[in-house]
Amino acid sequence: MLEGSKIFTPYRALGLISTKIPLKVRYIKRRKENLIVTVVGNSFHTYGASKFRLLSVSNPHEDNIIALSCDTFHIYTVCNNTIYAWKRGTDVRHKYVGHKANVHLLLPFGPHLIAVDRKNMLCVWDIRTESLYMEMEFQTKSFEISALVHPATYLNKILLGSKQGKMQLWNLNTCKLLYTFNGWESSVCIMQQAPAPDVIAVGLGSGRIVLHNIKYDETVVEFKQDWGKVTGIGFRTDGFPVMVTGSEVGHIAIWDLQERRLLSQLRDAHSGPVCGLECFTNEPLMVTSSSDNSLKMWIFDMPDGGARLLKRQDGHSKSPLHVRFHGSLGNTLLTAGEDSSMRLFSTATDVLNQSFGHASYNRKASKKQKVIHDKRRMPAITQFTSETAQEKAWDNVAAVHRGTALVTTWSVEAQRMGDHKLIHERFRDKAYRGSVATCLDLTVCGNFVIIGYDSGHIDKFNIQSGIHRGTYGKPVAHDKGVRDLVTDGLNQYVVSGGDDGELKWWRMKDCSCITELKLDEAISKMFLHKDSGLLAIALEDWSVTMVDVDTKTHVRKFYGHHNQVTDIAFSSDSRWLISSSLDKTIRTWDIPSSFCVDCFSVPIPCTSLAMSPVGDFLATTHSDHLGVYLWSNQACFRHLSLRPLPDDHQVQTMALPSVGPTVMQLAEEEEDSDETLQKEEEDDVEEYKSPQQISEELVTLAMLPTSRWLNLLSLDVIRKRNKPIEPPKVPKSAPFFLPTVPGLEFKFAPAEEDKKEDKSKVRSITSFEVLTDFGKKLKSGEFESALKLLMNQGPSGVEVEIRGLDPDVGGSEDVMMKFLEMIKWALSKQCNYEAVQGYLGLFLKLHAEFIINNSDLHEICEELSFVVEKSWHNIRDTMDQTLCLVSYFKNAALIDY
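Given the structure is predicted, the values throughout are model-derived calculations rather than measurements.

Asks: Let's hear about the overall build of the protein: which residues, and what values?
Replies: Helix and strand content of the protein: 11 helices and 56 strands. The proportion of buried residues among the 897 residues of the protein is 49%. Expressed as a percentage of contacts within the protein between residues at least 6 apart in sequence, the contacts between residues at least 24 apart total 47%.

Asks: Give a description of the packing of aromatic side chains that names residues and reports values.
Replies: Aromatic rings considered in pairs are described by the distance between their centres and by the relative angle of their planes. Scanning the model with the defined rule gives 18 aromatic pairs in all. Seen in terms of ring centroids, Phe 8 and Phe 600 are 6.4 Å apart; in terms of plane orientation they differ by 55 degrees. Their pairing is tilted. Here Phe 8, found in strand S1 (residues 8-14), pairs with Phe 600, found in strand S53 (residues 595-601); they are 592 residues apart in sequence, far enough to count as distant. Residue Phe 8 is classed as buried on the basis of its relative accessible area of 0%. Plain terms: the ring middles of Tyr 84 and Trp 86 are 6.3 Å apart, the flat faces sit at 45 degrees to each other, and that makes the pair tilted. By the ring-pair criterion, three or more aromatic residues cluster together here, those being Phe 8, Phe 600 and Trp 631. In this structure, Lys 460 is placed above the aromatic ring of Phe 448, and the distance from its NZ or CZ to the ring centre is 5.1 Å. In this arrangement the basic side chain of Lys 552 is found over the ring face of Tyr 493, its NZ or CZ atom lying 5.8 Å from the centre.

Asks: Talk me through the pairing of strand S9 (residues 91-97); I want residue IDs and the actual numbers.
Replies: With 6 bridges connecting them, strand S8 (residues 82-87) and S9 associate as antiparallel partners. Bridging from a neighbouring strand, Lys 87 pairs with Asp 91 of S9. Joining the antiparallel neighbours S8 and S9 is a turn of 3 residues, in which Arg 88 adopts a positive phi near 65 degrees.

Asks: Help me get a handle on the nonpolar core, residues and values and all.
Replies: Grouped together as the largest cluster of nonpolar side chains are 37 residues, with contacts concentrated most on Leu 778, Phe 819, Leu 820, Met 822, Ile 823 and Tyr 839. Secondary-structure elements contributing two or more residues to this core are helix H5 (773-780), helix H6 (783-791), helix H7 (795-803), helix H8 (813-829), helix H9 (833-846) and helix H11 (855-891). Among the elements that line this core, the one with the most residues is H8, at 8 residues. Sequence-distant contacts of Met 822, defined by excluding residues within four places in its chain, comprise Phe 774, Leu 778, Phe 783, Ala 786 and Leu 787. Membership of the second largest hydrophobic core comes to 21 residues, among which are Phe 8, Ala 13, Leu 609 and Met 654.

Asks: Can you break down the sheet that holds strand S50 (residues 565-570) residue by residue, with the values?
Replies: On the basis of which strands lie adjacent, the open sheet formed by 4 strands has the order S50-S51-S52-S53 and antiparallel pairing. Among the strands making up the open sheet, the edge pair consists of S50 and S53. Mean inter-strand twist for the sheet, computed between neighbouring axes without regard to direction, equals 20 degrees. As paired elements, strand S52 (residues 585-590) and S53 share 6 bridges and run antiparallel to each other. The residue bridging Thr 585 from the neighbouring strand is Ser 601, located in S53.

Asks: Please give an account of H9 that cites residues and values.
Replies: Taking 1.5 Å as the rise per residue, H9 with 14 residues should run 20 Å; its terminal C-alpha atoms sit 20 Å apart, in good agreement. Those residues of H9 lying buried are Tyr 833, Glu 834, Ala 835, Val 836, Gly 838, Tyr 839, Leu 840, Leu 842 and Phe 843.

Asks: Explain the sheet that holds strand S55 (residues 617-622) to me, using residue names and the numbers behind them.
Replies: With antiparallel pairing, the 4 strands of this open sheet are ordered in space as S1-S56-S55-S54. Two strands close off the open sheet at either side, each with one partner strand: S1 and strand S54 (606-611). Ignoring strand direction, the axes of neighbouring strands in this sheet form an average angle of 25 degrees. Alignment of S1 against strand S56 (residues 628-633), held across 6 bridges, turns out to be antiparallel. Paired with Arg 12 across the bridge in S56 is Leu 630.

Asks: Please provide a residue-by-residue account of the packing of H5 against H8, values included.
Replies: Interhelical geometry of H5 versus H8 gives an angle of 80 degrees and a closest axis separation of 9 Å. The pairing of H5 with H8 is recorded here as roughly perpendicular in orientation. On H8, the residues that touch Phe 774, Gly 775, Leu 778 and Lys 779 of H5 are Asp 814, Val 815, Lys 818, Phe 819 and Met 822. Considered class by class, the residues forming the contact of H5 with H8 number 5 nonpolar, 1 polar and 3 charged.

Asks: Could you give me a rundown of the pattern of salt bridges, with the residues and numbers involved?
Replies: All told, the structure shown has 25 salt bridges when counted by the stated rule. Ionic pairing is found between Asp 350 and Arg 12, a salt bridge with its closest N-O pair at 3.3 Å. A residue pair is termed long-range when its members are at least 10 positions apart, and Asp 350 in the loop between strand S32 (341-346) and strand S33 (354-358) and Arg 12 in strand S1 qualify at 338 residues. Two residues, Glu 799 and Arg 803, come together in a salt bridge whose shortest N-O distance is 2.9 Å. On the criterion of helical spacing, the pair formed by Glu 799 and Arg 803 is a turn pair, its members being 4 residues apart in helix H7. Relative accessible area serves as the criterion here: at 8%, Glu 799 is assigned to the buried category. Taken together, the salt bridges that share partners define one network made up of Arg 312, Asp 314 and Arg 343.

Asks: Which residues make up H5, and what are the values?
Replies: When H5 is considered as a whole, its buried residues turn out to be Phe 774, Gly 775 and Leu 778. Viewed along the axis of H5, the buried residues span an arc of 95 degrees, placing them on a single side of the element. Residues of H5 that are buried make contact with H6, H7 and H8. Immediately beyond the C-terminal end of H5, within one or two residues, lies Gly 781, with a positive phi of roughly 85 degrees.

Asks: Hey, could you go over the environment of Ala 49 for me, with residue numbers and the actual values?
Replies: Structurally, Ala 49 can be placed in the loop between strand S4 (43-48) and strand S5 (53-57). Residue classification places Ala 49 among the buried residues on the basis of a relative accessible area of 12%. Each C-alpha atom of the pair Ala 49 and Val 287 lies 9.2 Å from the other, and the pair is 238 residues apart in sequence. In contact with Ala 49, not counting residues within four places along its chain, are Glu 33, Asn 34, Ile 36, Phe 280, Met 297 and Lys 311.

Each value, and the rule that gives it
Residues numbered from 1 in each chain as written. Predicted model: local features only at pLDDT ≥ 70, side-chain atom pairs only at ≥ 80, totals over all residues. Heavy atoms only, no water. Helix = DSSP H or I, 4+ residues; strand = E, 2+ residues; numbered from the N terminus. Buried < 20%, exposed > 50% of the residue type's maximum accessible area, 1.4 Å probe, protein only. Contact = heavy atoms within 4.5 Å. Phe/Tyr/Trp six-rings, centres within 6.5 Å; stacked < 30°, edge-to-face > 60°. Lys NZ or Arg CZ within 6 Å of the ring centre and 35° of its normal. Pairing = 2+ DSSP bridges. Core = buried A, V, L, I, M, F, W, Y, C linked by side-chain atoms within 4.5 Å. Axes fitted to C-alpha atoms, helices over the stretch in contact; angles between N-to-C directions. Expected span 1.5 Å × (residues − 1). Parallel < 35°, antiparallel > 145°, perpendicular 65-115°, else oblique. Nonpolar A, V, L, I, M, F, W, Y, C, P; charged D, E, K, R; others polar. Salt bridge = Lys/Arg side-chain N within 4 Å of Asp/Glu carboxyl O. Arc of directions from axis to C-beta.

Shown next as structure tokens:
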């Protein structure tokens, strides 16, 4: 079990595609397909080039991957100073340990692997034996290795580039320096083998791209890009003499090598540096990756020889600020953030992920220009609201943007930004020109958007037409700014909270004020659970208070956070309240008891969280992180014993979920031994185990399945209904059967050699009783053991045991009396109530005539009737009292301060 939280465990991360580590392309001959490998945190993704979909996610490393390379057989990754060779992303075939610093350059070189670490040490590893073949140390001041490449047809030779600008050609077989190239007075960023022999393309930090003939030490051709240093170089090999280069500002240049000129360019191909760039062999395709969390495939089919975007995989380019589940199924997430884009993520499969585009002041003009750095792009989305009602008819999402009073609408059905911009005319005047929309909510009917502003105004708009439909307050709803607002589940009223600490109720229809409630501190954030009517309010004193919106009273108060509360959410059954804070903690509060029952810390503060409508996942977003992180709710899979956390509770830090299973989860899967399971049980908090019977005054049930006791009186009807139509057919060759002992119990006969030969076959009959273990325990008065044996039997077995008590079939009158005494004993103990009642009913049904004709049995049955009546009266009185109390609690207005 993972330490840190009893309720939530890391599940997976959504929306992570690539980082600054360059991608790699490997051709798999068996699949006849190119596979694209990208790094995401401590794992790497493998995409198929044909459908451009995610094929696999590797097992996680202990830390983030800092270098990546691959060949036909393996994928090589670097975690700190350790190199791993992976097969299919799940099987670590080799592990190379020996570097004293982090490795940043890798190059598979036939049966060897070349690695360069931060201490400027070059090591050559034997891939199969994992042994160190050779190592060379370079002086950092004179030659700091920044790039390396193996020139084609140059046996046992590699070319090294340095930050000082020089290049060196080495023979690894003899460990000799063959030649030194003076360079071009700029650091070497990347080197790539050109299709022509002896020619190497060198990308420099100054933006120059030099195609150099290393055989004659002559420059063939030189280009210059004005966008900074060269971050990637690729060559088309499908018959066109074209070179492609990437830059650190996101632009891509396409060069014609035959005419030695710029052929075309892809402006703003990425919103970040082009970290990885590779062209497919003998195909007019190219893939690029960037630190903007995107992976794109381009095709060279433009009339001018340029490329166009063919396929893409991307997530948020900047950290998301708001996340909410959309719909009642809990499998769809809506996110928005710093990149002013709205995205939809599926918790089931990445194929269903969608991008709604970026918010723009003029969506049509921005789409026509196809420019990422659009001057018309709106500021970041800080909050949004959505509803599923009328989703197919018109827009069903509204969003608030930072620093503006303009509210945009979006459509989940159309997967795009809507046409309406919601803003009141007053904000066009100079008096309110600097006002900002701070909060909003969409009514459950999907018709109206209620918007609050820092000027104290609250406006109601029709989301279908964008027309203003009313203003709450005369002239303002709050003297200071509106911090947050919510609408109830029946469209009756709006609840708003302001900087002045006032909570106000407004009638939805006529926008009039109903009542108000003064709080101790200014309101920071609110969240309403519409089914229960509970309103959670985060205050500026870092506490969370809870108000019943129906009775308009305080019901709970929670203290525990040590910094500002960033977001709050309810569980689906409104039993838990989950809150996050800038103190990096996520707390779970038990609402009935008002105690914190779970708390864990995360490495980065949580900016927004949302609980699934079905209660299976908790989704969180974190500052400066591009992904959406899912936490699994363990209460959906097993019983949780939660207790209030003590004041001196030590909060444990949990790592954020990765794109695949975590290291701890993999370790738990591998450790299946009994010792491991026993250790986990010892480490876990001892759960409270209820005794078999809490008190002798209370009736205790046996908790048996209803099929064990409910249908005992109807067994004859069930047998008749289940009787086969055709009699069973005897097989032609009867199988071999072991001999059994005749009787009610199924027992194998002992071997013949165990029998005594001198034993007489003449037996003296002293009793005609043929009793089973159950009958023997009854006769000896072991009622508890006999009752346990009966409870372990199935319905048919119970009937056989009770029917066998009849003297005519092997029982006796004494055993029948003992059975009734056992029932009387169980009812007096008030344990196993429903099972005992079922057994008594079956006994009376089977032996009614015998009991009537026997005075002793008749007498004990009369005594038993009084015991049964007494026990039933106790149950009935207790149930009536409990039902009255429950009805009172439901209908009465109780106030808990």
